[in-house]
Number of protein chains: 6
Amino acid sequence: MSDYVQTGIPGVDAMLGSVGIPRGHTILISGGPGSGKTTFAIQYLYMGATEHGEPGVYITLDEEPADIKKNMASFGWNLPQLEREKKLIFINVSPVRTASAERAGLLQLGMKEFKLIKLLGAVREGVEEIGAKRVVIDPVTIFNLQYPGEVERIYAMRDLIADFRKNGCTNLLISELRGTGLDREHQFEEYLVQGVILLRTVMKGDKWNRMFQVTKMRGLAVDNQPRPYDVTGSGIEVYPTLTVFH
Amino acid sequence: MSDYVQTGIPGVDAMLGSVGIPRGHTILISGGPGSGKTTFAIQYLYMGATEHGEPGVYITLDEEPADIKKNMASFGWNLPQLEREKKLIFINVSPVRTASAERAGLLQLGMKEFKLIKLLGAVREGVEEIGAKRVVIDPVTIFNLQYPGEVERIYAMRDLIADFRKNGCTNLLISELRGTGLDREHQFEEYLVQGVILLRTVMKGDKWNRMFQVTKMRGLAVDNQPRPYDVTGSGIEVYPTLTVFH
Amino acid sequence: MSDYVQTGIPGVDAMLGSVGIPRGHTILISGGPGSGKTTFAIQYLYMGATEHGEPGVYITLDEEPADIKKNMASFGWNLPQLEREKKLIFINVSPVRTASAERAGLLQLGMKEFKLIKLLGAVREGVEEIGAKRVVIDPVTIFNLQYPGEVERIYAMRDLIADFRKNGCTNLLISELRGTGLDREHQFEEYLVQGVILLRTVMKGDKWNRMFQVTKMRGLAVDNQPRPYDVTGSGIEVYPTLTVFH
Amino acid sequence: MSDYVQTGIPGVDAMLGSVGIPRGHTILISGGPGSGKTTFAIQYLYMGATEHGEPGVYITLDEEPADIKKNMASFGWNLPQLEREKKLIFINVSPVRTASAERAGLLQLGMKEFKLIKLLGAVREGVEEIGAKRVVIDPVTIFNLQYPGEVERIYAMRDLIADFRKNGCTNLLISELRGTGLDREHQFEEYLVQGVILLRTVMKGDKWNRMFQVTKMRGLAVDNQPRPYDVTGSGIEVYPTLTVFH
Amino acid sequence: MSDYVQTGIPGVDAMLGSVGIPRGHTILISGGPGSGKTTFAIQYLYMGATEHGEPGVYITLDEEPADIKKNMASFGWNLPQLEREKKLIFINVSPVRTASAERAGLLQLGMKEFKLIKLLGAVREGVEEIGAKRVVIDPVTIFNLQYPGEVERIYAMRDLIADFRKNGCTNLLISELRGTGLDREHQFEEYLVQGVILLRTVMKGDKWNRMFQVTKMRGLAVDNQPRPYDVTGSGIEVYPTLTVFH
Amino acid sequence: MSDYVQTGIPGVDAMLGSVGIPRGHTILISGGPGSGKTTFAIQYLYMGATEHGEPGVYITLDEEPADIKKNMASFGWNLPQLEREKKLIFINVSPVRTASAERAGLLQLGMKEFKLIKLLGAVREGVEEIGAKRVVIDPVTIFNLQYPGEVERIYAMRDLIADFRKNGCTNLLISELRGTGLDREHQFEEYLVQGVILLRTVMKGDKWNRMFQVTKMRGLAVDNQPRPYDVTGSGIEVYPTLTVFH
């Protein structure tokens, strides 16, 4: 088994020292709404399952697995088949069960029952069930909101990442950017993970540009320059030899 | 029934992959005061009812239906007739009944009785009554203000959107931008919905420009570039082949 | 009676589709200190009373009517005569009676007695007394400060505007801008009213420019571009065919 | 007695419609540290006393009168003589008596005893004693800090200004700018007074420029453009025919 | 004894009207980390003691006198000898005695015992012991942090400065800038002292420039333009005839 | 033993007056995620141990020593061997033991047991065990978060640095930058340490540049200009003769 995990996403592995993510590392994928974070994550699992023989676990905290599978079909990815072949497993640990309309007045109840332990347990079960090598949590933002103080959030995230380090998998944590604009506050998760990839947009005059950048990757020499990317009919594509304002 | 819902608004469907919004999705329409958000929403329902045989429900939380109908008449849209033909229904779930002047001192009372369940119930009744295929809630901002904490707001909005997903309709949520300026904080709703359309303005020198942009649209390849638009005598018009600073 | 209300202010009606404000609407006039907000409002009432046969009510929450009348005399407007002719009425609903120096230590007392109901009652009395067609409240800012939370403020303002809609008048609400700079947070009132007019200033190099802009006007096609304006010896003058940085 | 009060400060009256401040008005003088606010205020009183036969009252809340007199001697202004001639009176209403070192631990005590009534009483006594026509309060910032909430501050300042309107004098309120930079939040006092004059600085490249501007002056047509000014050996000098970045 | 106190720092007295600081004044020296604030202050005392026969007191609230003496030796200043000659005295009124490691858990205790009275007493003792004419407090920032509210901080600083005015010395208060960037909030101390000197840095392209500026100096005509400065082998050097971006 | 400690990092000692860090000083290394802070710190200890005969202690508060050793192997640094030779010691004083998944619900417990005394004790033991001359704490950010108020944080950091001054070592404190952007708030630690080195990035157009800068270094004349740097296959390399935007 190689020391590196190829994402299989066009252009990305080239920027990752031509080898991919160091095996066992946890990488933060951070982007705005519509930036293709979920597409990136599914593509990572899909390529792992179909090209590299590495089964994957997708932990969703926000969206129904059925919706994700339907949307991703437009890229030509047959996720239900991967599920049947035990190469992919979706786990919905959404902190709130969607309340039926009659009980909507009670919607706050489920929230407090959600705990780190439940999330870690779900990951472990999924990994064991199909012998997964890749794990995605989408998104960690909602997980963070469970903890009222900054210190509690940092400790919970540290614990999550420490536990991840022991599962033998190479993991993506999906994170939502607070705002647009290149100058920004760092999210504390960026300091805790082994790698950070940003999916951003930048306006230049009246033109809107997508910008892919690897700002951190422990243990690997990478291309740190921002590069243009696109969400095409077959998924995310990064152009590692181009500049953003060509 | 097609998998896509044509908005019928000039220029918009061209930007939406020439097909329209994926059926069943919920789209956030976000803009400042005077940006034409309500015009966009009514036009979406009007074109649905008159051109595509799709009845619509308009949930208003802020404004009297009578006022909306009167203002929209200036675009040549005869909304009362659509109501009589059961192709359009207005529902006012304004959290506060306008107090008579004598009881104005008590105006805070009604506020606490307003709940998510009431809003969801109103939508369901409206949809059933006329077999609606399109729903608009205008605006969701006031709905959010009911919930004191950010986490509660996110959960309420998740619940709302989850319930919407089950009504079989294609929905617009109207949202008010916090401020001017292209760099901005994201609204958390942008992460929860399947699509985001921004109606913004930008100053260039001493000229003021309207800017239409589809920043997110799950399951569809769209034109993400900002495009000029206008509020003309016949409603919203987007110019999908032009640039904003031509 | 026309469906539109001419302001009579040079250059403004030209920008308002050459017809004026839609009758019955409530318009927010927002500007910084020294921008001419009060001059604009008095000019609107003066032109209504003298040119269009429409009596007016001026509700002041901040300033003594005597001071306003004296200052406005410099524009050649004889307001006391209009009062005698029952074409104009000033109502001071200042939340605090100016305390005599001896009782200044008690100045907080009056504040809590001020309520929305008192303001609405004053408007109604004034409108009935002279059959007014135009109402001004100057400024709404101090009114807002009475309410401690944002939600309470929004509800109070909604109630005020809803009540206004029933008085048959065309109304101006004067509002104070928080700061200078073109990029700014929106005031929530901008979303509640039917129209918004901004009286701003902008520095270009070391030159200071006055900038008039209609950013919202329900039910009317208007000129939305910023235009230069001035406070001249005969009141506000807007130049609808010029650009600000000519 | 003229309707206008000449400041007697070189260049300023030219900008004030060649006549000066409308008699009886209260003007806010706002500037940063070192901008010459106190020099401006003393010069206004000095010129009034020596050139226009108008005695003046200087209320200091921050600085010892002795220090002010000594510093102002460098401009050739013999303030002690004006005091002896009953043309000028200094009143120290500093909210805290300087504690002797032994009692410094108790320094918070005096603070709460300071009230608006004390300030208003001091002004009235001073005005009566010498038949003053001009009053200065330097600075109002510390006065504002006495009131914990924004609404209380606004009401106290309104009361102060209302009382001032009755004293028959033409008054300056000295105010401290929060920060540098041309874009800024407005101070609420700017909305309450009849006039606002800003003493600011602006960097252009590595050159620092002083900038004088009259941004508000009720009842008078003034030059609103920013103009260069200086603190010279004989006091403040404004250059009304020059531009700041000449 | 001259009315002015020469700093003896190359280039500075030239900017201070060729005479120096007005005797008895208290000047704020404000700069970022590494700007040379402490070097400036020691150089002021050193030059006073060796060139002008004026002994000095250095009050340190942050750093061990031994460390300061050692670091300053690199500029060729023999401070221990000045101490032996009774021309300089160091007083450490650090609010917290460094806890031994065993008692580190108790480190919060000392903090509350620190009071303004202790600081004023230390200054008085030092001044009396060697007949000092110059006093430095380095830094006042930590002193401010002792007071929880803004009003308390202002009053404490006023008291400190008032007491200083009576000690007959010419004093420097060292203050730490909150951030980089030329536009900034003013520190309230700038309004309370008689003079303000800024030691800042500014980036121009990829070049970093040191910038010295006298923004306030009561009772003296000074050069207010920003000037380049350096920390050389013999201390601070200001270039009063150069511009920063030469 | 020399008075200066050579970092041994290519290009850095040249900028540090060609001699290195003054012996016994504590230096803050501040940078964003992925800036190479940990690489810099390990390289400092590695070069000390292998080239200068100075053993080192690495205190980690965030990351497992095993992970650090593995990642650093990619630079060709055999850290386990240094440990066996007693030239390097890793100490993990992470405030929270990674909870086993079963006990994750209890993860908050360990947090309150962490105290300054524990950290200081760990340092002392490490220094004594191998006769260390260099100490690194990575990162101090998490340490700061333990203290709820700003004053408590400052006092704890002062105590930490005071204790460090007595250990005879030359120390690095690793600190995490809050955000991107050259203009920023200072961290209070920058005022407490004897030196500050920033590892930043700056965008110019669509190009991303690494920028190394020594902004503070007590007792030493250094090159304060920003210089380009890189994380190469053999560690950090700074280019002291180049400019960032070459």
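Above this note sits the structure.
A brief look at the structure comes next. These numbers come from a predicted model, not from an experiment.

### Re the arrangement of the chains
No part of chain A reaches chain C; the closest C-alpha pair between them is 15 Å apart. Structurally, chain A and chain D remain out of contact, their C-alpha atoms never closer than 20 Å.

### Some details on the sheet that holds strand β4 (residues 56-60) of chain C
Residue and element names in this part refer to chain C. The nine strands lie next to each other as β5-β4-β6-β7-β3-β8-β9-β10-β11, forming an open sheet whose pairing is mixed. Of all strands in the sheet, those with a lone pairing partner are β5 (88-92) and β11 (235-238), marking the two edges. Between one strand and the next, the sheet's axes are offset by a mean angle of 25°, whatever the strand orientation. The pairing of strand β9 (residues 207-217) with strand β10 (residues 227-232) spans two bridges and is antiparallel. When the sheet's bridge partners are listed, Met211 is paired in β10 with Pro228. Sitting on the sheet, helix α2 (residues 37-51) touches β3 (26-31), β4, β5, β6 (134-138), β7 (170-176), β8 (195-204), β9 and β11, and the angle it makes with β7 is about 170°. Its contacts with the sheet put helix α3 (residues 65-73) on β4 and β5, and the angle it makes with β5 is roughly 135°.

### A few points about the packing of helix α5 (residues 116-130) of chain E against helix α7 (residues 150-165) of chain E
Each pair of packed helices gets described by two things: the angle between the helix axes and the distance between those axes. Residue and element names in this part refer to chain E. Orientation of α5 relative to α7, taken along the N-to-C sense of each, is 20°, at an axis distance of 11 Å. Classified by the angle their axes make, α5 and α7 are roughly parallel. For the crossing formed where α5 meets α7, the hand is right-handed. Packed against α5, whose contacting residues are Leu116, Leu119, Leu120 and Val123, the element α7 presents Ala156, Asp159, Leu160, Asp163 and Phe164 at the interface. In terms of residue class, the contact of α5 with α7 is made up of seven nonpolar, no polar and two charged.

### A closer look at the interface of chain B and chain C
Of the residues lining the interface, 41 residues belong to chain B; the matching set on chain C comes to 38 residues. Roughly 3,500 Å² of surface becomes buried between chain B and chain C when both sides are summed, with 54% attributable to carbon and sulfur atoms. Considering only the surface of chain B that becomes buried against chain C, Pro33(B), Asp206(B) and Trp208(B) emerge as the three largest contributors, covering 19% of it. Remark: the boundary between chain B and chain C carries three salt bridges. One salt bridge in this structure joins Glu63(B) and Arg218(C), with 2.5 Å as the shortest N-O distance. Put simply, chain B and chain C have 13 residue pairs in polar contact (both at pLDDT 80 or more) between them. Taken together, the elements giving at least two residues each to the side of chain B that touches chain C come down to α2 (37-51), α3 (65-73), α6 (141-145) and β9 (207-217) of chain B. Taken together, the residues of the side of chain B that touches chain C break down into 14 nonpolar, 14 polar and 13 charged.

### Thoughts on the interface of chain D and chain E
Taken together, the contact between chain D and chain E spans 41 residues of the former and 38 residues of the latter. Counting the surface lost from both chain D and chain E, the interface buries some 3,500 Å², and carbon and sulfur atoms represent 54% of this. Between Arg158(E) and Asp62(D) there is a salt bridge whose closest N-O contact spans 2.5 Å. Applying the counting criterion to the chain D and chain E interface returns 13 residue pairs in polar contact (both at pLDDT 80 or more). Elements supplying a minimum of two residues to the side of chain D that touches chain E: α2 (37-51), α3 (65-73), α6 (141-145) and β9 (207-217) of chain D.

### Quick notes on the relation of the copies chain B and chain C
If you rotate chain B by 60° and push it 0.0 Å along the axis, it lands on chain C with an RMSD of 0.0 Å. Here the copies are linked by what is in effect a six-fold axis. Looking at the rotation axis and the C-alpha trace of chain B, the residue lying nearest is Asp183(B), at 10 Å.

### Digging into the side chain of Asn224(C)
You can see Asn224(C) is positioned in the loop between β9 and β10. Of the residues examined, Asn224(C) reaches a relative accessible area of 13% and is grouped as buried. A polar contact of 3.1 Å, which involves the side chain of Asn224(C), links it to the side chain of Arg210(B).

### Let's talk about the environment of Tyr191(B)
Structurally, Tyr191(B) is set in helix α8 (residues 189-192). Distance in space between the C-alpha atoms of Tyr191(B) and Lys216(B) is 9.2 Å, their sequence separation being 25 residues. A distance of 2.7 Å separates a polar atom in the side chain of Tyr191(B) from the backbone oxygen of Leu177(A).

### Topic: the sheet that holds strand β6 (residues 134-138) of chain D
Residues and elements named next belong to chain D. Read across the open sheet, the nine strands follow the order β5-β4-β6-β7-β3-β8-β9-β10-β11; overall the sheet is mixed. Each of the sheet's edge strands pairs with one partner strand only, and the pair in question is β5 (88-92) and β11 (235-238). Direction aside, neighbouring strands of the sheet carry axes that sit 25° apart on average. Of the strands in this sheet, β4 (56-60), β5 and β6 touch helix α5 (residues 116-130), which is tilted by about 155° from β4.

Quick notes on the rules
- Per chain, residue numbering runs from 1 following the sequence as it is written.
- Chain letters start at A and ligand numbers start at 1, both assigned in the order the entries are written.
- The model is predicted, so local features are restricted to residues of pLDDT at least 70 and side-chain atom pairs to those at 80 or more, both for listing and for counting; the totals for chains, interfaces and linings are taken over all residues.
- Side-chain numbers here rest on the full set of heavy atoms in the structure, without hydrogens or water.
- Whether two residues are in contact is decided by their heavy atoms: any pair within 4.5 Å suffices.
- Between any two strands, at least two bridges found by DSSP are needed for them to pair.
- Secondary structure elements follow DSSP: runs of H or I no shorter than four residues count as helices, runs of E no shorter than two count as strands, and numbering proceeds from the N terminus.
- Throughout, an axis means a line fitted to C-alpha atoms (over the contacting stretch in the case of helices), and angles, computed between N-to-C directions, take values from 0 to 180 degrees.
- Reported orientations rely on four angle classes, namely roughly parallel under 35 degrees, roughly antiparallel over 145, roughly perpendicular from 65 to 115, and oblique for the rest.
- Two helices cross in a left-handed way if the nearer one is turned anticlockwise from the farther one by less than a right angle. They cross in a right-handed way if the turn is clockwise.
- Just so you know the grouping, Ala, Val, Leu, Ile, Met, Phe, Trp, Tyr, Cys and Pro go in nonpolar, Asp, Glu, Lys and Arg go in charged, and all remaining residues, Gly too, go in polar.
- What gets called buried area is simply the loss in accessible area from a 1.4 Å probe that two parts show on being joined, summed for both.
- For this analysis, a salt bridge means a side-chain nitrogen from Lys or Arg found within 4 Å of a carboxyl oxygen belonging to Asp or Glu.
- Definition of a polar contact: a pair of N or O atoms within 3.5 Å, with one able to donate and the other able to accept a hydrogen when the atoms are protein atoms, and with sequence-neighbouring residues admitted only if both atoms are side-chain atoms.
- Superposing copies: least-squares fit, C-alpha atoms only, residues required to have pLDDT of at least 70 in both.
- Each residue gets one of three labels from its accessible area relative to the maximum for its type: buried under 20%, exposed over 50%, partly exposed in between, using a 1.4 Å probe on protein chains only.

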